[in-house]
Amino acid sequence: LHEKGLSPETVELIGEYTQISGGLDVLDKLAADTRLADVAAIQETLGDMRTLVTYCQAMGIMDRLKLDMSLARGLDYYTGVIYEAVLTGFAYDGKQQAEPAKEQEPPKSNKKNKKKGKKGHADEDEEEEGVMEGAVGSVAGGGRYDNLVTLFTPNAAKVPCVGVSFGIERLLAVSEMMAR
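Overview of the structure. Every value quoted in this text rests on a predicted model; they were computed, and no experiment measured them. (Residues numbered from 1 in each chain as written. Predicted model: local features only at pLDDT ≥ 70, side-chain atom pairs only at ≥ 80, totals over all residues. Heavy atoms only, no water.)

When you go through the protein residue by residue, the secondary structure sums to 5 helices and 7 strands. The buried share of the protein, taken over its 180 residues, is 29%. Looking at the protein alone, contacts between residues at least 24 apart form 59% of all its contacts between residues at least 6 apart. If you sum the accessible surface of the protein, you get close to 12,300 Å²; carbon and sulfur atoms cover 54% of it. (Helix = DSSP H or I, 4+ residues; strand = E, 2+ residues; numbered from the N terminus. Buried < 20%, exposed > 50% of the residue type's maximum accessible area, 1.4 Å probe, protein only. Contact = heavy atoms within 4.5 Å. Areas by Shrake-Rupley, 256 points an atom, 1.4 Å probe, with all protein chains shown as cover.)

See the structure below:
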């Protein structure tokens, strides 16, 4: 973040926000934050997230939803809510070997490219052999990217888009394990 020319105060603030995760309380906490009150894009995104929560409540799946402000997608064309689907209850070592996990609780964090010693999340859920207990990891991810079409066709109208990609190797590994 320092390489992007951000002030130390801004970097510290980003670090503070990336520590926030939980359920509906996350949205309430962000909505009550006076530093965010006048930022239209944030207020719009909070509205989108509340809509998502409303649908999850209606479907009875709030116990499966975690709002994690440290989640980041690797592409910069996302313009709103981003998401990941994490499959818990299995262990996966990246070599298409999935086995039932010993623990059934969701991981504390499940980010790609985690490194020990970095501030924030550590590899607490990863064993020495590289097998994550309790989670296969992210099996799908995506988000909102309303400006993507105009990147390829600059004169086109703004087209609202939402997309998702699936981790086929991980899903196939779990499928094979379940078939045994």
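Still more ground to cover, so stick around.
This brings us to the packing of helix α2 (residues 24–31) against helix α3 (residues 40–59). Each pair of packed helices can be described by the angle between their axes along with the distance between the axes. It is at 10 Å that the axes of α2 and α3 come closest, and there the two elements cross at 160°. One way to sum up the angle between α2 and α3 is to call them roughly antiparallel. For the pair α2 and α3, the crossing hand works out as left-handed. Residue-level contacts link L24, L27, D28, L30 and A31 of α2 to L46, M49, R50, V53 and Q57 of α3. Split into classes, the residues belonging to the contact of α2 with α3 amount to 7 nonpolar, 1 polar and 2 charged. (Axes fitted to C-alpha atoms, helices over the stretch in contact; angles between N-to-C directions. Parallel < 35°, antiparallel > 145°, perpendicular 65-115°, else oblique. Left-handed = near helix turned anticlockwise from the far one by under 90°. Nonpolar A, V, L, I, M, F, W, Y, C, P; charged D, E, K, R; others polar.)

What follows is about the pattern of salt bridges. Under the counting rule described, the total for this entry stands at 4 salt bridges. The shortest N-O distance in the salt bridge between R50 and D28 comes to 3.0 Å. On the criterion of sequence distance, the pair formed by R50 in helix α3 and D28 in helix α2 is long-range, its members being 22 residues apart. Looking at R50, the relative accessible area reads 32%, which means it is partly exposed. Shared partners join several salt bridges into a network, and the residues in it are E16, D33 and R35. (Salt bridge = Lys/Arg side-chain N within 4 Å of Asp/Glu carboxyl O.)

A few words now on the environment of V86. With respect to the element layout, V86 can be found in strand β3 (residues 82–88). As a C-alpha pair, V86 and G137 span 51 residues in sequence and 5.2 Å in three-dimensional space.

For the rest of this paragraph, the subject is helix α5 (residues 168–179). Over its 12 residues, α5 extends 16 Å from the first C-alpha to the last, a length consistent with the 16 Å expected when each residue adds 1.5 Å. Within α5, burial applies to A173, V174 and M177. Buried residues in α5, looked at end-on, bunch into an arc of 95°, giving them a common side. For α5, exposure combined with an orientation more than 90 degrees from the buried face picks out I168, M178 and A179. (Expected span 1.5 Å × (residues − 1). Arc of directions from axis to C-beta.)

The topology assignment puts A140 in strand β6 (residues 135–144). Using a relative accessible area of 8% as the deciding quantity, one classes A140 as buried. Once the C-alpha coordinates of A140 and V86 are considered, the two residues, 54 residues apart in sequence, prove to be 7.3 Å apart. Excluding residues within four positions of it along the chain, A140 makes contact with Y83, E84, A85, V164, S165 and F166.

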